[in-house]
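Chain residues, written in single-letter form:
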Amino acid sequence: LGLMSGISQAISNNEFRLYLQPKIRMADGGMVSAEALIRWEHPTRGLIAPEHFIPFAEKTGCIRMITKWVLSEAMDIVALLRANGTPIQLGVNLSAFDLDDTALLKLLEQLLIEHRANPADIRFEITEHSAMNNPIAALEVMHGLCNLGFSISIDDFGTGYSSLAYLQKMPVSELKIDRSFVKKFSSEDTGFVLLKSIISLGHQLGLSIVAEGVENADEWDMLVDLDCDFVQGFYISEAMELDQFEAWWKNQS
Ligand code: G
Ligand code: G
Ligand code: MN
Ligand code: NA
């Protein structure tokens, strides 16, 4: 595929961007974190969404190049925002591939030094699927990430197969509930019962809970009632370029 041969060139031409989507603390509306979402600003095809190149990059092994770029860029962003007096914790998505061996840990050690970034400013988002692909290796990498000072969230929670027992073994501090579970339900719906149980279960395990894909005030109100900790979604904002994100943030506070 033409796109694929273009990935390493796209990196050298600086065609990838990290867009930032705010993640808001429900208790006080605090703007304390965001998720980094990659886009490819292709010279002829325009802005390309990750679902059009990440799966191919995973199949061809190009994902390692992309991950390295994402990590470098994420570290520059958190260091810049901290220097500007507006530090945030940035969520960075990892692929199953990144969890297969400990090469990621060595890379991160090196990048932390090069970019003078604070590992506490980065939270890795690992999907249930990725964590279960090669669970023993993934667990080792996750512990290594924590030892380096990073934190970890389980992403797209509810769509995979993580058992409770396995979740307890993972050094994670946050659950991000997949947006397919986040709709305004009436209290008799099974969807509502599921959402309520996930939040309560997560809290009992000492995890903070993020609802993804929140699109309206009704969903926000339901999540307040369910004692959810953070929300992310179009109701707050879609993902923005760094400049726009900073302007948006200043406007909020
Ligand atoms: O922003 P958008 O909804 O198009 O993102 C779609 C999916 O692409 C996300 O759910 C996420 O899993 C994946 N994705 C976005 N950015 C990155 C990234 O930097 N690295 C990896 N591996 N996946 C990403
Ligand atoms: O990492 P993850 O797979 O969860 O990626 C989040 C994806 O969800 C991004 O591609 C983003 O564009 C998308 N997204 C973010 N907020 C909303 C929302 O409120 N509604 C919908 N439908 N999609 C959203
Ligand atoms: Mn994510
Ligand atoms: Na997600």
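Keep in mind that this is a model prediction, so the values were computed, not measured.

Visitor: Help me out: how do you make sense of the overall build of the chain in this one?
Guide: Helix and strand counts for the chain stand at 10 helices and 9 strands. Relative to its length of 253 residues, the chain is compact, with a C-alpha radius of gyration of 18 Å against a globular reference of 18 Å. C-alpha atoms of the chain, sized along the principal axes, occupy 55 × 45 × 35 Å. Sequence-distant contacts in the chain: of pairs separated by 6 or more residues, those separated by 24 or more amount to 66%.

Visitor: So what exactly am I meant to see when it comes to the site of ligand 2 here?
Guide: Neighbouring residues of ligand 2: 14 residues in total, closest Asn93, Gly213, Glu215, Gly233 and Phe234. Here the shell around ligand 2 is built from residues that sort into 4 nonpolar, 4 polar and 6 charged.

Visitor: Help me understand the environment of Leu205, please; the structure alone is not making it clear to me.
Guide: Summarising the element assignment, Leu205 is placed in the loop between helix H8 (190-204) and strand S8 (208-211). Look at Leu205 and you get partly exposed, because 13 C-beta atoms sit within 10 Å. Sequence separation between Leu205 and Leu167 is 38 residues, and the spatial gap between their C-alpha atoms is 9.1 Å.

Visitor: Looking at this model, I keep getting lost on the packing of helix H3 (residues 63-83) against helix H4 (residues 103-115). Mind explaining?
Guide: Any two packed helices are characterised by how steeply their axes cross, that is the angle between the axes, and by the distance between the axes. Running from N to C, H3 and H4 point in directions that differ by 35 degrees, and their axes come no closer than 10 Å. Of the two possible hands of crossing, H3 and H4 adopt the one that is right-handed. Side by side, H3 and H4 meet where Lys68, Leu71, Ser72, Met75, Asp76 and Ala79 of the first sit next to Leu107, Leu108, Leu111 and His115 of the second. Its residues placed into classes, the contact of H3 with H4 shows 6 nonpolar, 2 polar and 2 charged.

Visitor: Any chance you could explain the nonpolar core here in plain terms?
Guide: As a rule of thumb, nonpolar side chains are buried together in soluble globular proteins. Judged by nonpolar contacts, the single largest core of 62 residues is most densely connected at Ala74, Val92, Ile177 and Val231. Here this core takes 9 residues from H3, the largest share from any one element.

Visitor: Would you take a moment to explain H4 for this structure?
Guide: Helical geometry: 3.6 residues make up each α-helical turn, so side chains three or four residues apart lie on a common side. Between the first and last C-alpha of H4 there are 18 Å, a value that for 13 residues agrees with the 18 Å anticipated at 1.5 Å per step. Directly beyond the C-terminal end of H4, a positive phi value near 50 degrees is found at Arg116.

Visitor: Even after reading the chapter, I still don't get the pairing of S8, so can you show me in this structure?
Guide: Every other side chain in a regular strand lies on the same face of the sheet, so the side chains alternate between the two faces. Of the pairings in the sheet, the one linking strand S7 (residues 174-177) to S8 comprises 4 bridges and is parallel in character. In the strand pairing of S8, Lys176 is matched with Val210. Of the crossover connections in this fold, the one passing from S7 over H8 to the parallel S8 is right-handed. Of the strand pairs in this sheet, S8 and strand S9 (residues 230-231) are connected by 2 bridges, and their pairing is parallel. From the neighbouring strand, Val210 faces S9, where its bridge partner is Phe230. With helix H9 (residues 217-225) bridging S8 and the parallel S9, this β-α-β connection has right-handed handedness.

Visitor: Looking at this model, I keep getting lost on H8. Mind explaining?
Guide: Here H8 is 15 residues long and its end C-alpha atoms lie 21 Å apart, about the 21 Å a rise of 1.5 Å per residue gives. Tucked inside the fold, the buried residues of H8 contact strand S6 (151-157), S7 and S8. Looking one or two residues past H8, Gly206 carries a phi angle of roughly 80 degrees, positive in sign.

Visitor: Sorry if this is basic, but what is going on with unusual backbone geometry here?
Guide: Among all residues save glycine, negative phi is the norm, and among peptide bonds the norm is trans. For Asn14, which is not glycine, the phi dihedral falls at a positive 60 degrees. Among the structural elements, Asn14 can be located in the loop between helix H1 (2-12) and strand S1 (16-25). The backbone of Asp156 sits at a positive phi, close to 50 degrees, despite the residue not being glycine. Among the secondary structure elements, Asp156 is positioned in strand S6.

Visitor: Sorry, what's going on with the confidence of the model for the chain here?
Guide: As a general rule, the predicted coordinates of low-pLDDT regions are not to be interpreted in detail. When pLDDT is averaged along the chain, the result is 93; 96% of the residues meet or exceed 70. For this predicted complex, the interface confidence score (ipTM) comes to 0.96, while the overall pTM stands at 0.96.

Visitor: Which parts of the structure should I look at to understand the environment of Phe97?
Guide: Tracing the backbone shows Phe97 in the loop between strand S4 (89-93) and H4. Other than its neighbours up to four places away in sequence, Phe97 contacts Glu58, Ile63 and Arg64.

Visitor: How should the pairing of S1 be read in this particular structure?
Guide: The buried fraction of S1 is high, at 7 of 10 residues. Between S1 and strand S2 (residues 31-42), which pair antiparallel and follow one another directly, the connecting turn spans 5 residues, one of which, Gly29, has a positive phi of 70 degrees.

Visitor: Would you mind showing me how to read the environment of Leu104 here?
Guide: Among the secondary structure elements, Leu104 is positioned in helix H4. Apart from residues no more than four positions distant in its own chain, Leu104 is found in contact with Asp98 and Val141.

Reading the values: rules and limits
Residues numbered from 1 in each chain as written. Chains lettered and ligands numbered in written order. Predicted model: local features only at pLDDT ≥ 70, side-chain atom pairs only at ≥ 80, totals over all residues. Helix = DSSP H or I, 4+ residues; strand = E, 2+ residues; numbered from the N terminus. Rg over C-alpha atoms; globule rule 2.2 N^0.38 Å. Contact = placed C-beta atoms within 7 Å. Near = placed C-beta within 6 Å. Nonpolar A, V, L, I, M, F, W, Y, C, P; charged D, E, K, R; others polar. Buried ≥ 20, exposed ≤ 12 C-beta atoms within 10 Å, placed from the backbone. Axes fitted to C-alpha atoms, helices over the stretch in contact; angles between N-to-C directions. Left-handed = near helix turned anticlockwise from the far one by under 90°. Core = buried A, V, L, I, M, F, W, Y, C linked by C-beta atoms within 7 Å. Expected span 1.5 Å × (residues − 1). Pairing = 2+ DSSP bridges. Right-handed = clockwise from strand over helix to strand, strands pointing away. pLDDT = per-residue confidence, 0-100.

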